[in-house]
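Structure assessment
Given next are the chains, with one letter for each unit.
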Amino acid sequence: MNDFFELKKRGTTVRTEVIAGLTTFTAMAYILMVNPGIFSALSERDGVTFGALYIATAISAVVGTLLIGFLANLPLAQASGMGLNAFFVYTVCLGFGFSYANALVFVLVDGLIFVLLTLTGLRKKIFDAIPAAVRIAIPAGIGLFIAFLGLQDAGIIVDDGATLVGLGSFNLLGNATWASIMPRLVTILAVIAIAVLSMKKVRGAILWSILGGAAAYYLLGLTVPGFYAGFTVDTLNPLAAFAAFGSESFGKVFTAGFDFSGYLAAEGHSIGTLVITFATTSLAFCMVDMFDTLGTLYGACRGGNLLVKNAKGEEEVPNMNRAMLADALATCTGAVCGTSTVTTFVESSAGVAVGGRTGLSSVVTAAMFLVAMFLSPVASLIPACAYAAALIYVGILMIGCVKNIDWDDPAAAIPAFLTMVMMPFSYNISYGIAFGLIAYVAIHLLSGRFKEIKIGTWVVTLLFLAMFLLTH
């Protein structure tokens, strides 16, 4: 292990790497409950259950984390990305009308494009084609979007016929009941618990708060008349989830993914609509995946002083191309398993913070995900109001990047603002990117700064413009 992972060279030990790997797993294990929870919106329409997505999430995390550990020798971990899973479910499936299997094709294409860009070196050119203002705003917009989803899952934000959205009632003397108020209070308390535990540097603050919220939900259920009347546990057999995985999600991208007849049968959907929507949606998947991965790699490695100097004297992630390749291959694995885009988790920085320096810690994290595969019956008992707290808190963390936007420059502020707000307002991540790019090009063109617009920016913007004019 010392020779392969270069433990002595990087100033670490097996014990330190094991602790780092366990820390990273504890920090990101919440994805095993949250990701299947988000996909539950497709269970009735597409027949994919919690158990199937639980195993798909776990397997893709194992494969992705091992890849980045062995290929890049970095103490990082991968799993289905937050934000990209919401994009998959609420935009591509429920928004555009594609089936679950169709959406997996987009993920597979994203992974294959990512592999191609990494091997050919075109990744940097694509990255540079997106204006900095839009690029910086994308994580913030995704954060607002998933926080909005969490607030809805908790029942705190509800549908309102007059104003589109409104606040769920907490008035016990009015039309609200304790049965409707209790889950909302659980979510609020869980969010506060995450914040307090994070401030106290407790490892796995999100995971422990989700579990605590679930416990509070079932305890408070004793105060709700009839709460347990219809309560049943589907199964205590952990192998049932593997059976569901085999029949509902594994390989669906190949057996049913390329059949777009259902989408074409919908009103207003033609071959032209399919082609343009396919191109822009694949592009959106790839862009979000790329920016998310690059940001996480730099952030985690900078926090652990792992960055190295290149030939130009610039700081970069060690084994950068291998790390990006691991991410791309993991995304392809996720598509085959039946889950959304797999990406490097920012929670990996928790393991780096306690001394993780090599891929050995990643191997430990992957081993923990392997063990967790057999805990699906426990995970399936987590209520939406408990994991909604994770969505809200992760959304809060993602919005911090807005401080890097030049708000004094309208040419940057307006595209960035539109990128952020159009994601939750339109319930669509790709629409946010589109509005940001179109605003950027229009402002620079009409203000005489058209020379600042790169050719790649023109191409991407025109694709999104065609999507609005010809398909939406």
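In what follows, the structure referred to is the one given above.
Notes on the overall build of the chain
The secondary structure content of the chain amounts to 23 helices and 6 strands. Since a compact globule built from 472 residues should have a radius of gyration of about 23 Å, the 22 Å found for the chain is in line with a globular shape. Dimensions along the principal axes, computed over C-alpha positions, put the chain at roughly 65 × 60 × 50 Å. Relative to its full complement of 472 residues, the chain shows a buried share of 53%. With an accessible surface of roughly 19900 Å², the chain has 67% of that area assigned to carbon and sulfur atoms. Computing the positive centroid from 23 side-chain charges and the negative centroid from 25, the chain places the two 12 Å apart.

Brief notes about the packing of helix H3 (residues 31-39) against helix H20 (residues 384-398)
Close contact between H3 and H20 brings their axes to 10 Å; oriented N to C, the two are set at 100 degrees. Put simply, H3 runs roughly perpendicular to H20. Residues Met33, Val34, Gly37 and Ile38 of H3 touch H20, and the partners they reach there are Tyr387, Ala390 and Leu391. Of the residues in the contact of H3 with H20, the class split is 6 nonpolar, 1 polar and no charged.

Thoughts on the side chain of glutamate 17
With respect to the element layout, glutamate 17 can be found in helix H2 (residues 14-28). No salt bridge is formed by the buried glutamate 17. Its closest oppositely charged neighbour is arginine 357, at 6.5 Å. If we skip the residues at most four places from it in the chain, glutamate 17 touches Leu7, Thr12, Gly355, Gly356, Arg357, Thr358, Leu360, Ser361 and Val364.

Focus on the environment of alanine 240
Considering the arrangement of structural elements, one finds alanine 240 in helix H12 (residues 239-248). Under the relative-accessibility criterion, alanine 240 is labelled partly exposed at 30%.

Some words on helix H18 (residues 359-372)
Taking 1.5 Å of rise per residue, 14 residues should cover 20 Å, and H18 covers 20 Å from first to last C-alpha, within 8% of that figure. Buried residues along H18 sit in contact with helix H1 (2-5), H2, H3, helix H5 (50-72) and helix H19 (376-379).

A closer look at the nonpolar core
Counting residues in each nonpolar core, the largest one holds 120 residues, and the members touching the most others are Tyr30, Val34, Phe88, Ile210, Ile433 and Phe464. The element that contributes the greatest number of residues to this core is helix H15 (residues 271-303), accounting for 14 residues. Beyond its immediate chain neighbours, meaning those up to four positions away, tyrosine 30 contacts Met82, Ile206, Leu207, Ile210, Phe345, Glu347, Ala390 and Val394. Counting 8 residues, the second largest nonpolar core, distinct from the first, contains Ala133, Ala137, Ile405 and Ala416.

Observations regarding the state of the cysteines
By the definition in use, this model includes 0 disulfides. Of the cysteine sulfurs around cysteine 93, a residue in no disulfide, the closest is that of cysteine 337, at 17 Å. Since its relative accessible area comes to 0%, cysteine 93 is described here as buried.

Comments concerning unusual backbone geometry
With a phi angle near 75 degrees, leucine 164 is a residue other than glycine that sits in the positive phi range. By the element assignment, leucine 164 lies in strand S3 (residues 164-167). Given the relative accessible area of 68%, leucine 164 is considered exposed. With a phi angle near 60 degrees, tyrosine 427 is a residue other than glycine that sits in the positive phi range. Note on tyrosine 427: relative accessible area 26%, which makes it partly exposed.

Some details on a nonpolar patch on the surface
Together, Leu445, Leu446, Phe450, Trp458, Leu462, Leu465, Leu469 and Leu470 line one region of the surface with nonpolar side chains, adding up to about 840 Å² of accessible area. Listed by contribution, the elements that provide at least two residues to the nonpolar patch are helix H22 (429-446) and helix H23 (455-470). Broken down by element, the residue count for the nonpolar patch peaks at 5 residues, all from H23. Structurally, the position occupied by leucine 470 is in helix H23.

As for the pairing of S3
Note: strand S2 (residues 157-160) against S3, 4 bridges, orientation antiparallel. Following the sheet pairing, valine 158 is matched in S3 by glycine 166. What sits between S2 and S3 in their antiparallel hairpin is a turn of 3 residues.

Details of the environment of valine 421
Looking at the element boundaries, valine 421 is found in helix H21 (residues 410-426). The exposure class assigned to valine 421 is buried, which follows from its relative accessible area of 13%.

Some thoughts on the packing of helix H9 (residues 132-153) against H21
Here H9 crosses H21 at 25 degrees, and the two axes come no closer than 7 Å. The angle between H9 and H21 falls in the class roughly parallel. Considering only the axes of H9 and H21, their crossing is right-handed. In contact with Ala133, Val134, Ala137, Ile138, Ala140, Gly141, Ile142, Leu144, Phe145 and Phe148 of H9, H21 contributes Ala412, Pro415, Ala416, Thr419, Met420, Met423 and Pro424.

Observations regarding H21
Under the 1.5 Å per step criterion, the end-to-end length of H21 is 22 Å for 17 residues, consistent within 8% with the ideal 24 Å. Residues of H21 that are buried include every one of Ala411, Ala412, Ala413, Pro415, Ala416, Thr419, Met420, Val421, Met422, Met423 and Pro424, and no others. On the buried face of H21, the contacting elements are H9 and H22. Tyrosine 427 sits one or two positions beyond H21 and adopts a positive phi of about 60 degrees.

Conventions we followed
Residues numbered from 1 in each chain as written. Predicted model: local features only at pLDDT ≥ 70, side-chain atom pairs only at ≥ 80, totals over all residues. Heavy atoms only, no water. Helix = DSSP H or I, 4+ residues; strand = E, 2+ residues; numbered from the N terminus. Rg over C-alpha atoms; globule rule 2.2 N^0.38 Å. Buried < 20%, exposed > 50% of the residue type's maximum accessible area, 1.4 Å probe, protein only. Areas by Shrake-Rupley, 256 points an atom, 1.4 Å probe, with all protein chains shown as cover. Lys, Arg positive; Asp, Glu negative; His and termini not counted. Charge placed at Lys NZ, Arg CZ, Asp CG, Glu CD. Axes fitted to C-alpha atoms, helices over the stretch in contact; angles between N-to-C directions. Parallel < 35°, antiparallel > 145°, perpendicular 65-115°, else oblique. Contact = heavy atoms within 4.5 Å. Nonpolar A, V, L, I, M, F, W, Y, C, P; charged D, E, K, R; others polar. Salt bridge = Lys/Arg side-chain N within 4 Å of Asp/Glu carboxyl O. Expected span 1.5 Å × (residues − 1). Core = buried A, V, L, I, M, F, W, Y, C linked by side-chain atoms within 4.5 Å. Disulfide = S-S within 2.5 Å. Patch = residues over 30% accessible without salt bridge, like charges linked within 9 Å, V, L, I, M, F, W, Y side chains within 5 Å. Pairing = 2+ DSSP bridges. Left-handed = near helix turned anticlockwise from the far one by under 90°.

Everything listed is a geometric property; what it means functionally is a separate question.
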